[in-house]
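These are the residues of each chain, in order.
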Amino acid sequence: MALLRRRHSVLPGFGLTMGYTLLYLSLIVLIPLTALFVKTAGLTAGEFWATVSNPRVVASYKLTFGTSLIAATINAVFGLIVAWTLVRYRFPGKRLVDAMVDLPFALPTAVSGIALTAIYAGNGWIGQYLEPLGIKVAFTSLGIIVAMTFIGLPFVVRTLEPALQDLEREHEEAAAILGASRWQTFLFVILPAILPALLTGFALAFARALGEYGSVVFISGNMPMRTEITSLLIISKLEQYDTAGATALATVMLLASFSILFAINALQWWLGRRYQGGL
Amino acid sequence: MSTATALSVANPTEVYTETETEVVTPPVVQSATSEPWWVRWILIAVSVSFLLFFLFIPLAAVFAEALRKGLGTYVSSLRDPNAWSAIQLTVITALIAVPTNLVFGLAAAWSIAKFEFPGKSLLITLIDIPFAISPVVSGLIYVLMFGAQSSLGPWLSSHGIQIIFAVPGIVLATIFVTFPFVARELIPLMQEQGTEEEQAAISLGASGWQTFWRVTLPNVKWALLYGVILSNARAMGEFGAVSVVSGHIRGKTNTMPLHVEILYNEYNFVAAFAVASLLALLALVTLALKSLVEWQMHRQSLETSPSEEA
């Protein structure tokens with residue numbers, strides 16, 4: 001607590017609110033999280049390694065990681081187009097479109113999961129046209145990508161929007177005066193300025209997709225080795241009372257999401273420095 | 001149109017009278033800082049059709065599937081006692097989780113935004129942790145804390161306290177996943193607002209509570225509401241974390257999203273989509289309220305700093 005010694009302030013309530021904040025944070029977040037690491041530490045290295053390197057588990061990492069990466073890339077490309085049109089252009093229904101971008105945040109994941117499955121199943125609204133073409137979406141890894149794209153979309157759009165709004169038109173005017181085409185201006189003036197925000201949005205969408213459960217389990221079909229994501233494996237281990245196995249997998253996932261969080265923070269630090277120094 | 005965009009940059013009043021009905025028309029003269037009209041059209045078409053496929057169609061599908069067998073079946077599947085108890089449990093959970101996180105958010109924002117102390121950014125990072133953890137892992141940590149195999153487990157069961165596979169576990173997991181919402185809305189805003197107004201109130205003789213109620217709270221009310229709306233949506237809709245701790249006991253520990261899953265896995269699609277349609281309605285109300293509050297926040301920021309927007 002000596003670390004938290006405050007500078008002199010006339011405002012009251014520091015001790016009370018800081019004490020409550022630390023107590024509540026410890027009870028709800030820190031102590032339960034520690035329980036996970038204590039449990040993991042209780043496993044021998046051999047047990048831990050056997051669990052996390054089991055072929056079925058490794059297949060689930062590859063699937064989860066690969067589909068998340070593809071979904072985040074799709075979101076980065078289309079999210080940039082959506083953010084660009086929302087910031088730069090006017091068109092009828094724009095306000096409605098803008099509000100709808102947050103739907104994946106607001107719609108419970110189980111609901112989006114069964115809705116996407118219904119649409120992309122063989123007799124669904126979109127599935128009935130794709131299946132004759134030989135494209136199966138529901139109950140394949142393609143379906144997992146669709147669900148992960150759905151839930152990750154707002155991250156890219158909402159991270160990019162403020163960056164696009166902050167762009168100074170003068171830079172683009174200068175580029176145009178110096179003879180750059182619009183495409184060159186985009187590539188060499190606009191894109192470098194919004195790249196940190198684009199990468200942050202990509203990383204956030206990727207992190208969300210890695211841990212996603214609700215919207216994926218319905219559409220994936222959950223076939224071992226083929227369409228089984230890591231989150232689902234944790235649940236099935238728990239249902240078989242294999243708490244140790246579930247804990248080992250959870251630790252791997254937790255380390256993955258913490259590394260992404262760390263990368264995002266480093267990125268934002270870089271972004272802050274760039275704005276202070278360069279522009 | 002190209003001249004209109006050029007004007008809107010040059011003339012600040014243009015920003016306020018922005019209307020949504022204007023349609024992109026081919027420009028007479030190509031502006032140097034905008035795209036040719038056909039590029040605009042293609043980008044708008046790509047963006048709208050992407051959102052149509054990924055957002056509008058799934059939402060429409062929920063209601064279409066729920067009403068597939070008519071309104072009568074829809075209503076009767078909602079009047080099922082198990083559906084009703086799931087609705088009740090969802091509301092109760094949100095009624096506990098949202099206010100507790102609201103109080104925490106206010107306390108955290110007050111201590112972080114109004115005072116200087118070392119380790120502040122670490123504390124902010126710690127508050128954000130629940131957003132970085134996958135829902136299934138969030139549920140699992142409570143199973144490890146309070147479950148039958150945990151070190152607390154035997155003590156809890158000998159005292160007749162059940163947390164996991166019971167309502168307390170569901171509430172705890174929900175509090176965890178909605179933990180940062182209010183705090184992360186309030187902290188940046190209150191940091192930006194500084195302490196001058198509070199200091200003035202205190203030096204004029206107001207007590208700490210009076211200052212909080214009459215000065216701080218009115219300044220942050222929209223951000224507070226925003227955080228509450230978002231955390232309520234998440235609290236009522238959480239699936240992964242709650243699924244791990246609930247035990248799926250019908251009529252007892254089933255929240256609405258879990259009830260949707262059970263009905264769906266029993267191939268009772270109409271009933272599953274009927275319950276899902278209530279959650280989808282909740283999502284739409286959330287989006288509408290959120291837009292309204294965003295608009296109010298925008299207005300408030302214009303009132304306090306009119307020069308900033310121009």
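Residues numbered from 1 in each chain as written. Chains lettered and ligands numbered in written order. Predicted model: local features only at pLDDT ≥ 70, side-chain atom pairs only at ≥ 80, totals over all residues. Heavy atoms only, no water.

## Quick word on the overall build of chain A
Along the backbone of chain A there are 13 helices and 0 strands. Counting from the amino terminus, helix and strand elements in chain A follow one another as α-α-α-α-α-α-α-α-α-α-α-α-α. Oriented by its inertia axes, the alpha-carbon framework of chain A measures out at about 70 × 65 × 35 Å. Relative to its full complement of 279 residues, chain A shows a buried share of 53%. Considering only contacts within chain A whose residues lie at least 6 apart along the sequence, 74% involve residues at least 24 apart. (Helix = DSSP H or I, 4+ residues; strand = E, 2+ residues; numbered from the N terminus. Buried < 20%, exposed > 50% of the residue type's maximum accessible area, 1.4 Å probe, protein only. Contact = heavy atoms within 4.5 Å.)

## Some thoughts on the nonpolar core
Judged by nonpolar contacts, the single largest core of 172 residues is most densely connected at A:Ile28, A:Ile234, B:Ile127, B:Tyr142 and B:Leu186. Counting 5 residues, the second-largest nonpolar core is a separate cluster that includes B:Phe181, B:Tyr226, B:Ile229 and B:Val293. (Core = buried A, V, L, I, M, F, W, Y, C linked by side-chain atoms within 4.5 Å.)

## Some points on the pattern of salt bridges
Counted according to the given criterion, the structure contains 16 salt bridges over all chains. With a closest N to O distance of 3.1 Å, A:Asp102 and A:Arg158 form a salt bridge. Taken together, the residues A:Asp102 in the loop between α4 (94-100) and α5 (103-106) and A:Arg158 in helix α8 (residues 141-166) connect sequence positions 56 residues apart. As a salt-bridge pair, B:Lys120 and B:Glu116 come within 3.5 Å of each other at their nearest N and O atoms. On the basis of relative accessible area, B:Glu116 is assigned to the partly exposed category, the value being 43%. Taken together, the salt bridges that share partners define one network made up of A:Asp98, A:Asp102, A:Arg158, A:Glu161, B:Lys290 and B:Glu294. (Salt bridge = Lys/Arg side-chain N within 4 Å of Asp/Glu carboxyl O.)

## Here we look at unusual backbone geometry
All names here are of chain A. In this model, asparagine 222 sits at a positive phi of 55°, which is unusual for a non-glycine residue. Residue position: asparagine 222 is located in the loop between α11 (214-220) and α12 (230-239). On the accessibility criterion, asparagine 222 (27% relative accessible area) is partly exposed. Residues other than glycine seldom take positive phi values, yet methionine 225 does so here, at roughly 70°. Looking at the element boundaries, methionine 225 is found in the loop between α11 and α12. Taking the relative accessible area as the measure of exposure, methionine 225 reaches 48% and is therefore partly exposed.

## Notes on the confidence of the model for chain B
When the pLDDT values of chain B are averaged, the result is 87; 88% of them are 70 or greater. For this predicted complex, the interface score ipTM comes out at 0.88, while the overall pTM is 0.87. (pLDDT = per-residue confidence, 0-100.)

## Some words on the side chain of A:Thr64
Residue and element names in this part refer to chain A. Within the fold, threonine 64 resides in helix α3 (residues 55-88). A polar atom in the side chain of threonine 64 sits 3.1 Å from the side chain of threonine 230. Setting aside anything within four residues of it in sequence, one finds threonine 64 in contact with Met148, Leu210, Ile229 and Thr230. (Polar contact = N/O pair within 3.5 Å; in protein donor to acceptor, adjacent residues only side chain to side chain.)

## Focus on the packing of aromatic side chains
With the rule as written, the count across this model stands at 25 aromatic pairs over all chains. With centroids separated by 6.0 Å and ring planes inclined at 80°, the aromatic side chains of B:Trp209 and B:Phe212 adopt a geometry described as edge-to-face. With B:Trp209 and B:Phe212 both in helix α12 (residues 208-237) and 3 residues apart, the pair spans about one turn of that helix. Between B:Trp209 and B:Trp213 the ring centres are 6.4 Å apart and the planes differ by 20°, which places this aromatic pair in the stacked class. One end of the pair, B:Trp209, and the other, B:Trp213, are both in helix α12, 4 residues apart, so they sit about a helical turn from each other. Exposure class is identical for B:Trp209 and B:Trp213. Each is exposed. Three or more aromatic residues link up through ring pairs in this structure, and these residues are A:Tyr213, A:Phe218, B:Phe239, B:Tyr264, B:Tyr267 and B:Phe269. Its guanidinium or amino end placed over the ring of B:Phe117, B:Lys120 lies 5.7 Å from that ring's centre, counting from NZ or CZ. Above the ring of B:Trp295, the side-chain terminus of B:Arg299 is found at 5.4 Å from the ring centroid. (Phe/Tyr/Trp six-rings, centres within 6.5 Å; stacked < 30°, edge-to-face > 60°. Lys NZ or Arg CZ within 6 Å of the ring centre and 35° of its normal.)

## With respect to the packing of helix α4 (residues 70-78) of chain B against helix α15 (residues 269-304) of chain B
Residues and elements named next belong to chain B. Here α4 crosses α15 at 75°, and the two axes come no closer than 9 Å. One way to sum up the angle between α4 and α15 is to call them roughly perpendicular. In this structure, α4 uses Thr73, Tyr74, Ser77 and Leu78 to contact α15, whose residues at the interface are Val270, Ala271, Ala274, Val275, Ser277 and Leu278. Within the contact of α4 with α15, the residues separate by chemical class into 7 nonpolar, 3 polar and no charged. (Axes fitted to C-alpha atoms, helices over the stretch in contact; angles between N-to-C directions. Parallel < 35°, antiparallel > 145°, perpendicular 65-115°, else oblique. Nonpolar A, V, L, I, M, F, W, Y, C, P; charged D, E, K, R; others polar.)

## Things to note about helix α10 (residues 181-193) of chain B
Residue and element names in this part refer to chain B. Taking 1.5 Å of rise per residue, the 13 residues of α10 would be expected to cover 18 Å, and the 19 Å separating its terminal C-alpha atoms lies within 8% of that figure. Looking only at α10, the buried set comprises Phe181, Val182, Ala183, Glu185, Leu186, Ile187 and Met190. Those residues of α10 that are buried lie in contact with α5 (81-114), α6 (120-132), α9 (167-178) and α12. Remark: glycine 194 follows α10 within two positions and exhibits a positive phi of approximately 70°. (Expected span 1.5 Å × (residues − 1).)

## Remarks on the layout of surface pockets
Residues and elements named next belong to chain B. Approximately 720 Å³ is the volume attributed to the second largest pocket. In terms of lining, the second largest pocket is formed by 30 residues, of which the most central are Val143, Gly147, Ala148, Gln149 and Ile164. Among the elements that line the lining of the second largest pocket, the one with the most residues is helix α7 (residues 135-146), at 4 residues. Classifying every residue of the lining of the second largest pocket gives 17 nonpolar, 11 polar and 2 charged. (1 Å grid on protein atoms, 1.4 Å probe; cavity = no way out; pocket = protein on both sides within 12 Å on 5 of 7 lines; lining within 4 Å. Points joined across faces, edges and corners; volume = space filled by probe spheres on them.)

## Digging into the interface of chain B and chain A
Residue-level contacts link 92 residues of chain B with 92 residues of chain A. Summed over both partners, the interface of chain B with chain A comes to about 8,400 Å²; 78% of that surface belongs to carbon and sulfur atoms. The tally of links between chain B and chain A comes to 2 salt bridges. Linking A:Asp102 and B:Lys290 is a salt bridge whose minimum nitrogen-to-oxygen distance equals 2.4 Å. (Buried area = accessible area lost by both parts, 1.4 Å probe.)

## A few points about the environment of A:Gly13
Residue position: A:Gly13 is located in the segment before α1 (14-41). Along the chain, A:Gly13 and A:Pro196 lie 183 residues apart, while their C-alpha atoms are 38 Å from each other.

## Here we look at a negative patch on the surface
Residues and elements named next belong to chain A. Negative charge collects at one region of the surface, where Asp166, Glu168, Glu170 and Glu173 lie side by side. Note that aspartate 166 resides in helix α8. With a relative accessible area of 57%, aspartate 166 lands in the exposed category. (Patch = residues over 30% accessible without salt bridge, like charges linked within 9 Å, V, L, I, M, F, W, Y side chains within 5 Å. Areas by Shrake-Rupley, 256 points an atom, 1.4 Å probe, with all protein chains shown as cover. Lys, Arg positive; Asp, Glu negative; His and termini not counted. Charge placed at Lys NZ, Arg CZ, Asp CG, Glu CD.)

## Remarks on a nonpolar patch on the surface
All names here are of chain A. A cluster of nonpolar residues, Leu195, Leu199, Trp269 and Trp270, forms a patch on the protein surface that exposes about 400 Å² of accessible area. Every element with two or more residues in the nonpolar patch is listed here: α10 (182-211) and α13 (243-277). Relative to the helices and strands, leucine 199 resides in helix α10. Take leucine 199: its relative accessible area is 34%, and that puts it in the partly exposed class.

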